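Observations on the three-dimensional arrangement
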Amino acid sequence: MIFPRPFITFFTVLCTLAVKAQNDNFEGYLFAYFEGAAENRKSEEQLRFAVSDDAINWSALNNNQPILNSDDISQSGGIRDPHILRGEDNDFYMVATDMSTAANGWKENPGMVLLKSDDLIDWKHSTINLSKDYPENFSDAYWVWAPQTIFDPAKKKYLIYFTLKRRDDDKLDFYAAYANQDFTGFESEPTLMFSAKHGAIDGDIIYKDGTYHMFYKGNTKDENGKEFENGIKQATSKSLQGPWKESFEYIDYYADKKTTVEGSSVFKLNNSDEYILMYDLYSSGRYEFQRSKDLYSFTKKPESFTKDFHPRHGSVIGITKEELARLENKWKSGPKKLKSDGNPIFTHKYTADPAAIVKNDTLWLYTGHDYAGGQKGYKMKDWLVFSTIDLQNWTEYPVPLKITDFKWATSGDAYAGHVAEKNGKYYWYISTNSTGIGVAVSDRPEGPFKDALGKPLLTNDDCFASSHYWACIDPAIFTDTDGQSWIFWGNGQCYYAKLKDNMVEIDGEVKQINFEGFEFTEAPWVHKRNGKYYLTYATGFPEKIAYAMADAIEGPYVYKGILNEIAGNSNTNHQAIVDYKGKSYFIYHNGGIQTDGGSYSRSVCIDKLEYNMDGTIKPVIMTSKGIVLSE
């Protein structure tokens, strides 16, 4: 059959749009970055990948080790500032600064690295040295920083742009050139693209509604040329060829707060009209972001990512389910080996609200996960799991459970949890601040866990003596010697109930614990020793840990006093008590990581728990030494 040309053109457009729409069905994100907290600078300046299903909670691939060796792909032995781009035919392009500060400090680096892949796994690479490849006009190229690339539909080519500083000129300008067809170099010599009034670095361009938006780190100088303010600015243009209209307003939250930011990068959220502007707070080791729907106005308050790595300047693209599976199949993160050197037992992440179980010779530790230091509230989006056979050498497993795994948990808060084993399965009871207590299940203690019910196990409706919205939190499970399991929980009032043998249903009525001297704040924990039941809990605020004893699980309980004083630099405390290899241990959290620890960035600790001859418990002595193997 022969179609008229207009129909063929229209048909071709429809097919192109259909393919594009299909390819835009992204279900995850890929973050390309270099590291900021590795053991040495050389190992930092390597290409790394991380993935996420929501662009907020990130997991490093390959155990946060490089996916490519900088010695193999660069001239200097180091790469920085990687920028990744999905091409028009669903191939992938990366460019990066060719620079090893480990080898050369901040001296001359006139080069960049170019990479291309059709599957995100195998990458072809090449390099450009601006001063050597284009000596006529660029022999004095001193710094070539943060290259990025974008497809120019007007030219149907990929434009590479970068910051250039010449040897005897402190001005930092953007230059650009089109890549050749196989993405191994430039078609021709670069030309000036944009010159900001006071110079600029780290440009990132994104297109929306007929306008190109270039975000970059700019500054403001006085009449003597002295810089007195810097931060993220933007310039706009209708064409990649310019002219660019410079805005002199700062976008980032920190511009007037003497907190330095750089490495801005913008990406669109999948299946959303919202954009993320992220940036590197390089002097304080944080990575934060602000949101926008029009790329002109941004949310005023910055947010933080949750992550198990310390990224520096990087970039993000959306990826399909198949691409995510391919990446994880190649570089899926496995367990990490850690060594504790006293309290806090972990210092690479902020951990809180511990719970512990013992299986054979292994102690399994489950914790909440606070955002990095400097927070103004509780920001927790996932939970963590660790194991040990000696309390000093630990294994950390991939994130086993996230708040987004509970679709009903609209609060978005991953608060305190407790894991219990029964009938060969592991049940993780979690609290969500305002939307109830949920339960997840796994066949293995390290997970991964999945929502067992698709709805809360308990809600505020079960907290009959409470009126505040965070009453239904802090679940704790106790299974008695007769096999009956119980759940305790609450804030302000302490509730308990039987669990059915399936561990996902309440058996009978919800009851309340009350006794003389009981000033309950939160964090109940029940354990049993020599026929006596012990209820420990947080009391007061800032919180101390108190305890009571009883001859039966339902009481009556008798108040016995304060067990643990205020945990340093933290308004809250939350305990787990466990017997392990013939000794008893008190696991808790404090705000002990200096200088960034605190009430909202806490850290788990372990100290000895000892009993008196009459069964009462000796006050717990909190130490920085922690548990020593020889003890």
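Computed from a predicted model, the values in this text were never measured in an experiment. (Residues numbered from 1 in each chain as written. Predicted model: local features only at pLDDT ≥ 70, side-chain atom pairs only at ≥ 80, totals over all residues. Heavy atoms only, no water.)

So, on to the overall build of the chain. Secondary structure assignment for the chain yields seven helices and 41 strands. For a compact globule of 631 residues, the expected C-alpha radius of gyration is about 25 Å, and the chain comes in at 28 Å, within 12% of that figure. Taken over 631 residues, the chain has a buried fraction of 58%. Considering only contacts within the chain whose residues lie at least 6 apart along the sequence, 51% involve residues at least 24 apart. Here the chain displays about 27,300 Å² of accessible surface, and carbon together with sulfur accounts for 49% of that area. Distance from the positive charge centre (69 side chains) to the negative charge centre (87 side chains) of the chain: 0 Å. (Helix = DSSP H or I, 4+ residues; strand = E, 2+ residues; numbered from the N terminus. Rg over C-alpha atoms; globule rule 2.2 N^0.38 Å. Buried < 20%, exposed > 50% of the residue type's maximum accessible area, 1.4 Å probe, protein only. Contact = heavy atoms within 4.5 Å. Areas by Shrake-Rupley, 256 points an atom, 1.4 Å probe, with all protein chains shown as cover. Lys, Arg positive; Asp, Glu negative; His and termini not counted. Charge placed at Lys NZ, Arg CZ, Asp CG, Glu CD.)

Right, let's talk about the pattern of salt bridges for a bit. Scanning all chains against the criterion turns up 30 salt bridges. The salt bridge involving R86 is made with E323; its shortest N-O contact spans 2.7 Å. Placement of the pair is R86 in strand β4 (residues 79-86) and E323 in helix α7 (residues 321-331), with a sequence separation of 237 residues. Taken as a pair, R86 and E323 share a single burial class, namely buried. Residues joined by salt bridges that share partners form a network here, namely D53, K402 and D405. (Salt bridge = Lys/Arg side-chain N within 4 Å of Asp/Glu carboxyl O.)

Let us look at the nonpolar core. Counting residues in each nonpolar core, the largest one holds 35 residues, and the members touching the most others are L365, W394 and L563. In contact with W394, not counting residues within four places along its chain, are K336, K337, L338, S340, I345, F346, L363, L365, F386, S387, T388 and I606. Of all hydrophobic cores here, the second largest spans 24 residues; its members include I67, I84, A96 and L120. (Core = buried A, V, L, I, M, F, W, Y, C linked by side-chain atoms within 4.5 Å.)

Further remarks concern α7. All buried positions along α7 are accounted for by E323, L324, L327 and W331. Viewed end-on, α7 has its buried residues packed into an arc of 100°, placing them on one side of the element. Exposed positions of α7 whose direction lies more than 90 degrees from the buried face are K321, E322 and N329. Looking at the packing, one finds that the buried side of α7 touches β1 (28-33), β2 (48-52), β4, β5 (92-98) and β20 (315-319). (Arc of directions from axis to C-beta.)

So, on to the sheet that holds strand β40 (residues 583-590). Taking strand neighbours across the sheet as the criterion, the three strands line up as β39-β40-β41 in an open arrangement whose pairing is antiparallel. The outermost strands of the open sheet, each flanked by one partner alone, are β39 (576-580) and β41 (603-608). Each strand axis lies, on average, 30° off the axis of its neighbour in the sheet, ignoring direction. Across five bridges, β39 lies against β40 in antiparallel orientation. Its bridge partner lying in β40, D579 is registered against S584. (Pairing = 2+ DSSP bridges. Axes fitted to C-alpha atoms, helices over the stretch in contact; angles between N-to-C directions.)

Looking at where D480 falls in the secondary structure, it is placed in the loop between β31 (476-479) and β32 (485-489). Leaving out residues up to four positions away in the same chain, D480 has contacts with K528, Y533 and I553.

Summed over the entire model, instances satisfying the criterion amount to 50 aromatic pairs. For the pair F346 and F386, a centre-to-centre distance of 4.0 Å together with 20° between the ring planes defines the contact as stacked. One end of the pair, F346, is in the loop between β21 (336-339) and β22 (350-359); the other, F386, is in strand β24 (residues 380-388), with 40 residues separating them in the sequence. Pair check on accessibility: F346 and F386 agree, each one buried. Measuring from ring centre to ring centre gives 5.8 Å for W489 and Y495, while their planes differ by 25°; the resulting arrangement is stacked. Its relative accessible area of 0% is what places Y495 among the buried residues. The structure contains a cluster of three or more aromatic residues connected by ring pairs, namely Y29, F31, Y33, W58, F267, Y287, F289, F305 and F309. When the ring centre of Y178 is taken as reference, the NZ or CZ atom of K157 above it lies at 5.7 Å. Across the ring face of F248, the terminal group of K197 is positioned such that the distance to the ring centre comes to 5.9 Å. (Phe/Tyr/Trp six-rings, centres within 6.5 Å; stacked < 30°, edge-to-face > 60°. Lys NZ or Arg CZ within 6 Å of the ring centre and 35° of its normal.)

This part covers the environment of D169. Position of D169 relative to the elements: it lies in the loop between β9 (157-166) and β10 (172-178). Owing to a relative accessible area of 39%, D169 belongs among the partly exposed residues under this scheme. In the structure, D169 is positioned 28 residues away from A141 in sequence and 9.8 Å away in space, judged by C-alpha atoms. One polar contact links the side chain of D169 to the main-chain amide nitrogen of K171, over a distance of 2.9 Å. (Polar contact = N/O pair within 3.5 Å; in protein donor to acceptor, adjacent residues only side chain to side chain.)

Turning our attention to the pairing of β4. Of all the eight residues making up β4, eight are buried; the element is thus mostly covered by neighbouring parts of the structure. Relative to β5, β4 is paired through six bridges, and the arrangement is antiparallel. Bridging from a neighbouring strand, R80 pairs with T97 of β5. The turn linking β4 back onto β5 is made up of five residues, and N90 within it adopts a positive phi angle of 60°.

The next point concerns unusual backbone geometry. A cis amide bond links N343 with the next residue in sequence, P344, at an omega value of -5°. Take P344: it is sitting in the loop between β21 and β22. In the Ramachandran plot, N63 falls in the positive-phi region, its phi being about 55° despite a non-glycine side chain. Tracing the backbone shows N63 in the loop between β3 (59-60) and α3 (70-73). Positive phi, close to 60°, is recorded for D202, a residue that is not glycine. Tracing the backbone shows D202 in strand β12 (residues 200-208).

This part is about the sheet that holds strand β19 (residues 303-304). A sheet is described by the order of its strands in space; here four strands give the open sequence β16-β17-β18-β19, paired in antiparallel fashion. Two strands close off the open sheet at either side, each with one partner strand: β16 (262-268) and β19. Note that strand β17 (residues 275-281) and strand β18 (residues 286-292) share seven bridges and pair antiparallel. When the sheet's bridge partners are listed, M278 is paired in β18 with F289.

Turning our attention to the confidence of the model for the chain. Residue-level pLDDT values for the chain average 92, and 95% of them are 70 or greater. Contacts from residues 1-23, a stretch scored under 50 in pLDDT, to residues over four places away or in other chains number four contacts. (pLDDT = per-residue confidence, 0-100.)

Along a regular strand, successive side chains alternate from one face of the sheet to the other. Burial analysis of strand β14 (residues 227-237) places eight of its 11 residues in the buried class, which makes it a mostly covered element. The pairing of strand β13 (residues 211-221) with β14 spans 10 bridges and is classified as antiparallel. Counted as the bridge partner of H213 is T236 from β14. In terms of strand pairing, β14 meets strand β15 (residues 245-246) through two bridges, oriented antiparallel. What sits directly across from A235, in β15, is E246.

Moving on: the state of the cysteines. One pass over the full model with this rule turns up zero disulfides. Here C472 stays free of any disulfide, with the sulfur of C463 as its closest cysteine sulfur at 4.3 Å. Overall, the relative accessible area of 1% leaves C472 in the buried class. (Disulfide = S-S within 2.5 Å.)

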